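Listed here are the chains, written in short residue letters.
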Amino acid sequence: MIIDLRSDTVTQPTPAMREAMFTAPLGDDVLGDDPTVNALEAKAAALFGMEAALFCASGTMTNQLAIRTHCRPGDDVICDYLSHVYQYEGGGISVNALASVSLPQGERGKLTPALIREHIYSPADPHKPLSRLVVLENTVNKGGGCYYTIPEIAAIRQVCDEYGLILHLDGARLFNALVETGDPTHAYGQLFDSISICLSKGLGCPVGSMLLGTAAVIQQARRYRKLMGGGWRQAGFLAAAGIYALDHHIERLKLDHARARQIGTMLEHLPEVEAILPIDTNIVIFQLPNTILATDYVSSLGDKGIKAVSFGKHLVRFVTHLNFTDDMLTELGHRLRPA
């Protein structure tokens, strides 16, 4: 048995999801007449109380489309140093939007109103770019799956309104946060100018992310998606998986979180584990001593049939997901014990 904890992107569609995919009515999405894509976009927009949505291949694409749509060349994007849009999107902010980046360093990757204020440039200063956009990530991947609460976001929204800044959410694992907080999805639609949600992580779809926003934002993002080669034809096969996931796979995320916390308990008893980040959702990040490189440790886990990723020189990450079962959890405990 291989225990794959590298990411929640490794999930396979369930039999019921496959059935929904193979029976989906299809059209040509570039021409706007794939009924299943249209249904998914309408469903996602309505879920968050937003005007429109756009189905894309990845969360990187939806984030980059949002940034390009919101920013003009020479503008500045404020995001935490640990944020996915800065760390893991190939420098897309500079390549796609021709924008610069300001990088506050919050606790576990979370921004605060005070941090944002410190990084807003005066529009009267010609030496500086124009501060245009704030990007939050929820949950924060490199922060160990920590999340924002609605009051925290509302305080940031107030700062954005005060300075005329746009607010975008990289919500790749937003539903992981929502099942923990119980916050209503519509509250997010009221606080953000645009939202990216991923379908291919905890929700278990094979491909796809959604960008939500006003009709004008989505219309412009659709043009940029085509420019980037992101238009697709009979995409209803994939959209059907998204509809199924939104209907059936949100509440079950609590199981992933419970299993992640059980992994944390296992790790507490291992002599090579020096510290574990708080486990808020489905991400477990733990620190090794300076004498052990994460790459070497991950390799040793591989020898035991456990797949993980190094997340820093001495950090290792596990991510629980749809295909990580209770039997695998029990077996993981056996394999992690010292010989």
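Scoring rules and cut-offs
- Note that residues are indexed from 1 along each chain, following the sequence as it is written.
- It should be noted that, the model being predicted, local features are given only for residues of pLDDT at least 70 and side-chain atom pairs only at 80 or more, the latter also being counted only at that level, while totals for whole chains, interfaces and linings use all residues.
- Each side-chain value is worked out from all heavy atoms of the structure, with water and hydrogens disregarded.
- Each residue's exposure class comes from its accessible area (1.4 Å probe, protein chains only) as a fraction of the maximum for that residue type: buried when under 20%, exposed when over 50%, partly exposed otherwise.
- Helix and strand definitions here come from DSSP, where helices need a minimum of 4 consecutive H or I residues and strands a minimum of 2 consecutive E residues; each element is numbered from the N-terminal end.
- Any two strands are treated as partners once DSSP identifies two or more bridges connecting them.
- Patches were defined on residues exceeding 30% relative accessible area and lacking a salt bridge, with like-charge contacts within 9 Å and nonpolar side-chain contacts (Val, Leu, Ile, Met, Phe, Trp, Tyr) within 5 Å.
- Here the accessible surface of atoms and residues is derived via Shrake-Rupley with a 1.4 Å probe, and residues count as covered only by protein chains that are part of the display.
- The term salt bridge refers to a pairing of a side-chain nitrogen on Lys or Arg with a carboxyl oxygen on Asp or Glu at a separation within 4 Å.
- Pairing of aromatic rings covers Phe, Tyr and Trp, the last through its six-membered ring, and needs centres within 6.5 Å; plane angles under 30 degrees mean stacked, over 60 mean edge-to-face, and all others mean tilted.
- By definition here, charges over rings are those cases where NZ of Lys or CZ of Arg is within 6 Å of the ring centre and within 35 degrees of the ring normal.

**Student:** Would you take a moment to explain the pairing of strand S2 (residues 52-56) for this structure?
**Tutor:** Sheet faces and side chains relate simply in a regular strand, where the side chains alternate between the two faces. Among the 5 residues of S2, 5 are classified as buried, and the element is accordingly described as predominantly covered. Going residue by residue along S2, you find Ala-52, Leu-54 and Cys-56 tucked away on one face and Ala-53 and Phe-55 tucked away on the opposite face as well. Where S2 meets strand S8 (residues 209-213), 5 bridges bridge the pair, whose relative direction is antiparallel. Paired with Ala-53 across the two strands is Leu-212, which belongs to S8.

**Student:** Please explain a nonpolar patch on the surface as it appears in this structure.
**Tutor:** Taken together, the side chains of Phe-22, Leu-26 and Phe-237 make up a nonpolar region of the molecular surface, amounting to roughly 300 Å² of accessible area. On the secondary structure map, Phe-237 appears in helix H11 (residues 236-248). Accessibility expressed as a relative area gives 34% for Phe-237, which makes it partly exposed.

**Student:** Is there a simple way to think about the packing of aromatic side chains in this case?
**Tutor:** What describes a pair of aromatic rings is the distance from one ring centre to the other and the angle between the planes of the rings. Taken as a whole and assessed by the stated rule, the structure comprises 7 aromatic pairs. Arranged with centres 4.9 Å apart and planes meeting at 40°, the rings of Phe-55 and Trp-232 form a pair that is tilted. Note that Phe-55 is positioned in strand S2 and Trp-232 in the loop between helix H10 (215-227) and H11, a separation of 177 residues in sequence. Just as Phe-55 is buried, Trp-232 falls in that class too. Aromatic pair Tyr-188 and Phe-192: ring centres 6.0 Å apart, planes at 10°, arrangement stacked. Of the two residues, Tyr-188 and Phe-192, neither departs from the other in class, the shared state being buried. Within the aromatic cluster, the residues linked to one another by ring pairs are Phe-286, Tyr-297 and Phe-318. Residue placement shows Lys-110 over the ring face of Tyr-148; its charged tip is 5.3 Å from the ring centre. Stacked on the ring of Phe-311, the Lys or Arg Lys-142 has its end atom at 4.4 Å from the ring centre.

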